[in-house]
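For reference, the chains in residue letters:
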Amino acid sequence: MTNENKISINVGSPKKPIDSMIYSNFVEHLGECIQNGLWAYDPVNVPLVTDNPVLIGMRQDVLQAVKELKLTVLRAFGGCYSDVYHWKDAIGSRDSRKFVKNLHWGAIEGAPPEIGPDIENQFGTDEFLTLCEEIGAKPYLNVNYGTGTPEEAADWVEYCNGSIDTEYGALRAKNGRKEPYNVKIWGIANEIFGFWEPGYEKLPENYAKKYLKFAKKMREKDPTIKLVACGYENSNWNRTVLKNIGEEWVDYISIHRYLPYGAGKVTGKKHPDNQRCYYALMASSPLIENDINDTWNDIIAALGKNSHVRIAFDEWGVWYLFMDIVKTNYNLQDGVWTAIILMTFQKMSDKCPMANWAQLVNCIGTIQTDPDGLILTPVYLAFKLFVDHTYNNLIENLNVNCETFDTDKFRRIPKANNVPYIDCNATINDEGNKLSIMLINKHFTEPLNITLEIEGFSPKEQGVLVELNSQSPFEYNTIENRNKIKLEHKEIDDVKPNMTLELPAHSVKVIKLNKK
Ligand code: AHR
């Protein structure tokens, strides 16, 4: 297409630390995320976990796949469901757990029953926290603000973090776990500004007032916990909430964004595999950037520029139609989009140190399960590119010169002009001797040649390329062909500080270099 695409990277320029909490995820009782997803309820033809007594009930393949995703934070049990979740229903011996109706997802008029099946509560607090330990992720619990009480939330903090001399610490020990779990991140309410949420608060002042009651009771049990307040894409809401809560009682404000998203009770073709949707997604990262910048301005306006409060983007992802959520296989297009947005999070992690893809398994999930195995979607593979092949310091002085494209509106994504075909981030390790350059070609059909100029880092000739791509952006991994799309690794031995590379259409490529 063109030979004029040029990227220059000045490795000697300032570096910005990337918070690893941007590689986080989320689970709730919705569709088959937990039941028949993370936790095996119906019989499956794969082995279950046997070596961790608390996790008996999980599939080995799911546990292994989640471990390999190297999540830093895992949020539970909602989402919307958190505002109807009573944690005490899901502790103690398995046969004593309370069988409940899904009072959020199972109560949506006109929704198919698979969205909110009854809940057996076999996967509760101990199972979730043990899973987090097993996979090395920090747990993040959202308390029940909508239909719960500050006391119930405080009891949960004590169950998780209290010593065995406390009432709920003793109960935890009776249930098999003496050592506190030490859960640090706690959210108070989810999307509580929305009419759909049990406990809906129309006025931010009212939310802040009740939030403080929760926060104070919870911190009486553990003063060291970090608290997440519910934010919104509305400055008046965010500023009023933060001003009324005050710096001392909040550590993060949450925001959510799903794209391209079709609201209402629409069902239909699950995945719009067409060029218009493809390009709209490829052009949509400014929406996420704006969400972060707007919320950041709200923090400063409410609490001043020295505030310690940061943004938790605790739900984000590709979601096409509201009702089509139970099993959500993703294609390459979605994987490329995920990489674009993770690059955005890398750039903005000083303002937004945590981001949780929603959700982990089946329901808008990175991993899809069936009785015989797993589908690791291109979204999963995009996360792997970051956690396995990028480093924790972003190089700030990086210039991309390339051709651009224009797009049309698609659902919630507005039209856009002059969108670059190529995105690039470069990251380096703390020692400064390992460099990773990630390049995305968003072009629908054309490979692009680029000239790459690296200054201030003298690379060895040997390097590694890792690539996420397939023949079409609309290809999937499926039960019939589970590994059609996979990360391809290639060793190279002709690296130079100035080189030309070909980026295939709709691809993500990472070049890993070592210093001479
Ligand atoms: O992730 C699915 C749902 O989307 C969450 O429960 C809710 O917070 C959001 O609206």
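Going along each chain's sequence as written, the residues are numbered from 1 onward. The predicted nature of this model means local features are confined to residues of pLDDT at least 70 and side-chain atom pairs, given and counted, to a pLDDT of 80 or more, with totals for whole chains, interfaces and linings taken over all residues. The side-chain quantities take in all heavy atoms of the structure and omit both hydrogens and water.

Another aspect to go through is the overall build of the chain. Only DSSP runs of H or I reaching four residues or more are called helices, and only runs of E reaching two or more are called strands; each is numbered from the N terminus. Secondary structure assignment for the chain yields 10 helices and 23 strands. Using C-alpha atoms as the atom set, the radius of gyration is obtained and then compared with a globule rule of 2.2 Å times the number of residues to the power 0.38. What you see for the chain is a C-alpha radius of gyration of 23 Å, in line with the 24 Å of a compact globule of 516 residues. Partitioning the intrachain contacts of the chain with sequence separation of at least 6 by distance along the chain shows that 78% fall at a separation of at least 24. Exposure was quantified through the Shrake-Rupley algorithm and a 1.4 Å probe, taking into account, for residues, occlusion by the shown protein chains and nothing else. Summed over its atoms, the accessible surface of the chain is roughly 20,000 Å², and 48% of this surface lies on carbon and sulfur atoms. Two residues qualify as a contact provided that any one of their heavy atoms is within 4.5 Å of a heavy atom in the partner residue.

The next thing to look at is the sheet that holds strand 17 (residues 422-428). An order of 2-13-17-18-23-20-21 is seen for the seven strands of this open sheet, with the pairing classed as antiparallel. If you trace the sheet from one side to the other, it starts and ends with strand 2 (15-17) and strand 21 (488-492), each paired once. In this sheet, neighbouring strand axes are inclined to one another by 25° on average, regardless of whether the strands run parallel or antiparallel. Between any two strands, at least two bridges found by DSSP are needed for them to pair. In this sheet, strand 23 (residues 507-515) lies alongside strand 18 (residues 434-441) in antiparallel orientation, the contact comprising eight bridges. Within strand 23, the position partnered with Leu439 by the bridge is Lys509. The angle between two axes is taken between their N-to-C directions and runs from 0 to 180 degrees, where each axis is a line fitted to C-alpha atoms and a helix contributes only its stretch in contact. The strands touched by helix 10 (residues 378-389) are strand 18, strand 20 (459-468), strand 21 and strand 23; relative to strand 20, the strand with the most contacts, the crossing angle is about 160°.

Read across the sheet, four strands follow the order 14-1-19-22 without closing on themselves; strand pairing throughout is mixed. Edge strands, defined here as strands with exactly one partner in the open sheet, are strand 14 (398-401) and strand 22 (498-503). Within the sheet, the average angular offset between the axes of one strand and its neighbour, ignoring direction, is 20°. Pairing of strand 1 (residues 5-10) with strand 19 (residues 448-455), which is carried by six bridges, proceeds in the parallel orientation. Across the sheet, residue Ile9 finds its bridge partner in strand 19, namely Ile454.

Moving on to the pairing of strand 6 (residues 185-188). Accessibility here uses a 1.4 Å probe with only protein chains present; expressed as a share of the type maximum, an area under 20% marks a residue as buried, one over 50% as exposed, and anything in between as partly exposed. A two-sided burial pattern is seen for strand 6, the buried positions comprising Ile185 and Gly187 on one face and Trp186 and Ile188 on the other. The sheet contact formed by strand 5 (residues 138-143) and strand 6 spans four bridges and is parallel. Its bridge partner being in strand 6, Tyr140 is matched across the sheet by Ile185. Here strand 6 pairs with strand 7 (residues 226-230) via four bridges, running parallel. By the bridge assignment, Ile185 is partnered in strand 7 with Lys226. As for the winding sense of the linkage, the β-α-β connection from strand 6 through helix 5 (residues 204-221) to strand 7 is right-handed. For a crossover, the right-handed case is the one in which the path from the first strand over the helix to the second runs clockwise, viewed with the strands pointing away from the viewer.

This next bit is on the domain arrangement of the chain. By the assigned domains, the chain splits into domain 1 (5-13 + 394-515) and domain 2 (18-391). The split into domains, and so the bounds of each, comes from an automatic or database assignment of domains. The centre of domain 1, based on its C-alpha atoms, is set 30 Å off from the matching centre of domain 2. In this assembly, 50 residues from domain 1 lie in contact with 51 residues from domain 2. Summed over both sides, the interface of domain 1 with domain 2 buries roughly 4,300 Å², with 69% coming from carbon and sulfur. Definition used for salt bridges: Asp or Glu carboxyl oxygen within 4 Å of a side-chain nitrogen of Lys or Arg. Linking Arg482 and Asp370 is a salt bridge whose minimum nitrogen-to-oxygen distance equals 2.8 Å. We call two N or O atoms a polar contact when they sit within 3.5 Å, provided that within protein one can donate a hydrogen and the other can accept it, with sequence-adjacent residues counted only if both atoms are side-chain atoms. The tally of links between domain 1 and domain 2 comes to 19 residue pairs in polar contact (both at pLDDT 80 or more). In terms of residue count, strand 18 provides more of the side of domain 1 that touches domain 2 than any other element does, seven residues in total. Put simply, Ala, Val, Leu, Ile, Met, Phe, Trp, Tyr, Cys and Pro go in the nonpolar bin, Asp, Glu, Lys and Arg in the charged bin, and everything else, Gly too, in the polar bin. Residue composition of the side of domain 1 that touches domain 2, grouped by class: 25 nonpolar, 14 polar and 11 charged. By convention, the term buried area covers the 1.4 Å-probe accessible surface removed from two parts as they join, with the contributions of both added.

Let us now look at the side chain of Glu197. Position of Glu197 among the secondary structure elements: in the loop between strand 6 and helix 5. Within the buried set, Glu197 has no salt-bridge partner at all; the shortest N-O distance to an opposite charge, 7.6 Å, is to Arg75. Side chain to side chain, Glu197 and Asn190 meet in a polar contact 3.5 Å long. Residues counted as positive are Lys and Arg, residues counted as negative are Asp and Glu, and His and the chain ends are not counted.

Glancing now at the site of the ligand. Here a residue counts as near a molecule or strand whenever at least one of its heavy atoms sits within 4 Å of it. Around the ligand sit 14 residues, and of these Glu28, Cys80, Glu191, Tyr258 and Glu315 come closest. One of the backbone nitrogen or oxygen atoms of Cys80 is found 2.9 Å away from an oxygen atom of the ligand. In the environment of the ligand, an oxygen atom lies 2.7 Å from a nitrogen or oxygen atom belonging to the side chain of Glu315. Taking 280 Å² as the accessible area of the ligand by itself, protein coverage stands at 94%.

A separate point is the packing of helix 6 (residues 235-245) against helix 8 (residues 285-303). Two numbers describe how helix 6 lies on helix 8: the axes approach to 9 Å, and their chain directions differ by 40°. Overall, the two elements helix 6 and helix 8 adopt an arrangement that is oblique. Pair helix 6 / helix 8 crosses with right-handed handedness. In this structure, helix 6 uses Ser235, Asn238, Arg239, Leu242 and Lys243 to contact helix 8, whose residues at the interface are Thr295, Asn297, Asp298, Ile299, Ala301, Ala302 and Leu303. Note that the term roughly parallel is reserved for angles under 35 degrees, roughly antiparallel for angles over 145, roughly perpendicular for angles of 65 to 115, and oblique for everything else. Should the near helix be turned counterclockwise from the far one by less than a right angle, the crossing is left-handed, whereas a clockwise turn marks it as right-handed.

Another aspect to go through is the environment of Pro272. On the secondary structure map, Pro272 appears in the loop between strand 8 (252-262) and helix 7 (275-282). Taking relative accessible area as the criterion, Pro272 reaches 9% and is therefore assigned buried. As for Pro272 and Phe386, which are separated by 114 residues in sequence, their C-alpha atoms are 26 Å apart. If we ignore the near neighbours within four places in the chain, the residues touching Pro272 are Cys277, Tyr320, Phe410 and Arg411.

Time to look at the packing of helix 8 against helix 9 (residues 332-347). One way to put it is that helix 8 packs onto helix 9 with a least axis distance of 9 Å and a crossing angle of 30°. Viewed along their axes, helix 8 and helix 9 adopt a mutual orientation that is roughly parallel. For helix 8 against helix 9, the interelement crossing comes out right-handed. When helix 8 is examined against helix 9, the residues Ser285, Ile288, Glu289 and Ile292 are found in contact with a partner set consisting of Ile340, Ile341, Thr344 and Phe345.

In this section: the nonpolar core. Here, the term nonpolar core denotes a set of buried Ala, Val, Leu, Ile, Met, Phe, Trp, Tyr and Cys residues that are joined through side-chain atoms within 4.5 Å. Of all hydrophobic cores here, the largest spans 175 residues; its most connected members are Trp186, Phe345 and Ile437. Lining this core are residues from two domains, each supplying at least three of them: domain 1 (5-13 + 394-515) and domain 2 (18-391). Apart from the residues lying within four places of it in its own chain, the contact partners of Ile437 are Ile9, Cys424, Asn425, Ala426, Leu452, Ile454, Lys509, Val510, Ile511 and Leu513. By size, the runner-up hydrophobic cluster in this structure holds eight residues, among which are Val73, Tyr140, Ala312 and Met354.

The terminal C-alpha atoms of helix 3 (residues 150-161), which comprises 12 residues, lie 16 Å apart, in line with the 16 Å expected from a rise of 1.5 Å per residue. For helix 3, a buried count of 11 out of 12 residues is recorded, marking the element as mostly surrounded by other parts of the structure. Considered for burial, the residues of helix 3 that qualify are Pro150, Glu152, Ala153, Ala154, Asp155, Trp156, Val157, Glu158, Tyr159, Cys160 and Asn161. Among the structural elements, helix 2 (125-135), strand 5, helix 4 (167-174), strand 6 and helix 5 are those in contact with the buried residues of helix 3. Helices are assigned an expected span. That span is 1.5 Å times one less than the residue count.

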